[in-house]
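# Chains, contacts and geometry: an overview
Residue-level listing of the chains:
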Amino acid sequence: MIVDTIFAMSSAQGKAGVSVLRVSGPHAFDACRALCGDVPPRRVASLRVLADSTGELLDQALVLTFAKGASFTGEKSVEFQVHGSIAVVTAVLNELAKLPDFRMADPGEFTRRALENGCLDIAQIEGLADLIDAETEMQRKQALRVLSGDLGARAEGWRRDLIRAAALIEATIDFADEDIPVDVSPEVTALVSAVIQDLDREIAGVVVAERIRTGFEVAILGSPNVGKSTLLNALAGRDAAITSDVAGTTRDVIEVRMDIKGLPVTLLDTAGLRDTEDRVEAIGVERAKIRAMSADLRVILVAPDEDLPMEPQADDIVLLAKSDIYTGDYPGISGKTGAGIDQLVNRIADVLSKRASQTGVAIRLRHRDAMLRGVKYLRAAVELSRDPDTADLAAEELHSAVRALDSLVGRVDIDSVLDEIFASFCLGK
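Residues numbered from 1 in each chain as written. Predicted model: local features only at pLDDT ≥ 70, side-chain atom pairs only at ≥ 80, totals over all residues. Heavy atoms only, no water.

### Side note on the environment of Ala190
Its place among the elements puts Ala190 in helix 7 (residues 185–214). Classification of Ala190 by relative accessible area gives partly exposed; the value is 47%. Taking the C-alpha atoms as reference points, Ala190 and Asp161, 29 residues apart in sequence, are found 9.8 Å from one another. (Helix = DSSP H or I, 4+ residues; strand = E, 2+ residues; numbered from the N terminus. Buried < 20%, exposed > 50% of the residue type's maximum accessible area, 1.4 Å probe, protein only.)

### Topic: the packing of helix 8 (residues 228–236) against helix 10 (residues 341–356)
In contact at an axis separation of 11 Å, helix 8 and helix 10 are set at 80 degrees when each is read in the N-to-C sense. When the axes of helix 8 and helix 10 are compared, the pair comes out roughly perpendicular. Of helix 10, the residues touching helix 8 (which contributes Leu231, Ala234 and Leu235) are Ile341, Leu344 and Val345. Tallied by class, the residues present in the contact of helix 8 with helix 10 amount to six nonpolar, no polar and no charged. (Axes fitted to C-alpha atoms, helices over the stretch in contact; angles between N-to-C directions. Parallel < 35°, antiparallel > 145°, perpendicular 65-115°, else oblique. Contact = heavy atoms within 4.5 Å. Nonpolar A, V, L, I, M, F, W, Y, C, P; charged D, E, K, R; others polar.)

### Some thoughts on the sheet that holds strand 6 (residues 102–104)
Taken in spatial order, the six strands line up as 3-4-5-2-1-6 in an open sheet, and their pairing is mixed. Two strands lie at the open edges of the sheet, namely strand 3 (46–51) and strand 6, each paired on one side alone. Each strand of the sheet is rotated relative to its neighbour by a mean of 30 degrees, with strand direction disregarded. Sheet analysis places strand 1 (residues 5–9) next to strand 2 (residues 18–24), joined by four bridges and oriented antiparallel. Of the residues in strand 2, the one forming a bridge with Met9 is Leu21. Those strands touched by helix 2 (residues 86–97) are strand 1, strand 2, strand 3, strand 4 (57–66), strand 5 (77–83) and strand 6, and its axis lies near 170 degrees from that of strand 1. (Pairing = 2+ DSSP bridges.)

### So, unusual backbone geometry
With a phi close to 50 degrees, Lys261 is a non-glycine residue in the positive phi region. Within the secondary structure, Lys261 is located in the loop between strand 8 (254–260) and strand 9 (263–269). Exposure remark for Lys261: the relative accessible area of 57% places this residue in the exposed category. Residues other than glycine seldom take positive phi values, yet Asp315 does so here, at roughly 75 degrees. On the secondary structure map, Asp315 appears in the loop between strand 10 (297–302) and strand 11 (317–320).

### Some thoughts on empty space enclosed by the protein
Following the criterion strictly, the structure yields one cavity of 30 Å³ or more and no others. There is about 40 Å³ of room inside the largest cavity. Around the largest cavity, the lining residues are Ile169, Val188, Thr189, Val192, Ala381, Val382, Ser385 and Leu398. For the lining of the largest cavity, the elements supplying multiple residues, two or more each, are helix 7 and helix 11 (365–385). Its residues placed into classes, the lining of the largest cavity shows six nonpolar, two polar and no charged. (1 Å grid on protein atoms, 1.4 Å probe; cavity = no way out; pocket = protein on both sides within 12 Å on 5 of 7 lines; lining within 4 Å. Points joined across faces, edges and corners; volume = space filled by probe spheres on them.)

### Description of the packing of aromatic side chains
One pass over the full model with this rule turns up zero aromatic pairs. The side chain of Arg22 reaches across the aromatic face of Phe110, ending 5.2 Å from its centre. (Phe/Tyr/Trp six-rings, centres within 6.5 Å; stacked < 30°, edge-to-face > 60°. Lys NZ or Arg CZ within 6 Å of the ring centre and 35° of its normal.)

### A look at the nonpolar core
Counting 38 residues, the largest nonpolar core has Leu162, Val192, Met371, Leu378, Leu398 and Leu408 as the members making the most contacts within it. With nine residues, helix 7 is the single largest residue contributor to this core. Filtering out sequence-adjacent residues up to four positions away, Leu378 remains in contact with Leu162, Val192, Val195, Ile196, Leu199, Leu398 and Ala401. Membership of the second largest hydrophobic core comes to 30 residues, among which are Phe216, Val265, Leu297 and Ile333. (Core = buried A, V, L, I, M, F, W, Y, C linked by side-chain atoms within 4.5 Å.)

### Observations regarding helix 1 (residues 28–36)
Listing the buried residues of helix 1 in full gives Ala28, Phe29, Ala31, Cys32, Leu35 and Cys36. Along the axis of helix 1, the buried positions cluster into a sector of 145 degrees, meaning they face one direction only. In the stretch just after helix 1, Gly37 is the one whose phi turns positive, near 90 degrees. (Arc of directions from axis to C-beta.)

### Details of the sheet that holds strand 11
Across the sheet, which stays open at both edges, the five strands sit in the order 8-9-7-10-11 with mixed pairing between neighbours. Bordering the open sheet on either side are strand 8 and strand 11, each of which pairs with just one other strand. Across the sheet, the mean angle separating the axes of adjacent strands is 25 degrees when strand polarity is ignored. Taken together, the four bridges between strand 7 (residues 216–221) and strand 10 define a ladder with parallel strand orientation.

None of this, on its own, says anything about what the molecule does.
Next comes the structure, spelled out in structure tokens:
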């Protein structure tokens, strides 16, 4: 089957100092011959003059060529690093479009070819997508860990152990009428139990890993006029919320996204918690309670001699509001003067960093679902393997667990997952 040679701009759209145009496919080197007259040495940046089919100068560019099996896609590839004007990029793309069997790449098509050619697995592609979207240091590190293939390596280890366990059980079935010199059940139990322990550990860390991808939520709570909006503005460094002496000014949840020491955090300013006859304000109070309970952490502001508006949960931070005018039993903070702001930021970072340290190599809810299915099959296999009469069922449960874990890296057909992943990729990636 003839595969088209595809091309696209792989750097950001718009004017830039340099733009990168990527070409991949069986005829990729024809692009070099057509635009610069020869094929530069492999994987060495070479300065070339680019010209169109009539010999008219297009640009001067650095040209890199990659042999089949040595490129991002696994195909013959070329990268043209041209001057980043819109006119230059358009002119070069137009020339590429004139070449036989060349066409513009679809969004994510380079990465999809990398998957099809075995250069990346699905988990690595998810890591690549996360790396492109990374806004904070923690997101970058997490994405790189997955892109490096850590999850695929772990999945391969689990697969190997489970296939070994299944083979041992199947050996007892095949030779049921003969004396088997060694009881295989201890090794089977040890192999399966070790995988279950690994999976349980990974499953526990996925929710936090998902928060690193999408952002932790920290809710600021307290009674009306206690200084929640002023504190939010101080943390954000801008007037994100309206502040007023009028109680009940904030009625809906106001969100501000921040980078707190490398962690993605969304701060939530909520309606003041109190009993009210105002129907609209009452809706805001109810929303505040619901959103606060689903947040990862709560900062509860209290005034002197005031009861806590809600019972703190583990790691929640209780502070005395408006410490520039009040004193009390709790550590103080003032959004107006900035007193206690640094300490609050450090406390939030410490709590969330401790949770972030619990993550493993599985980072998406899809991974969690696959591992939960695997654990279910494995626990059933352990029970069934204890009875020689159900050994065949135990082996089948182990094979089901292998198939569930294979979906982590794409060894089974999961086109719907692929469509969802590649929908997030831009043209040129």
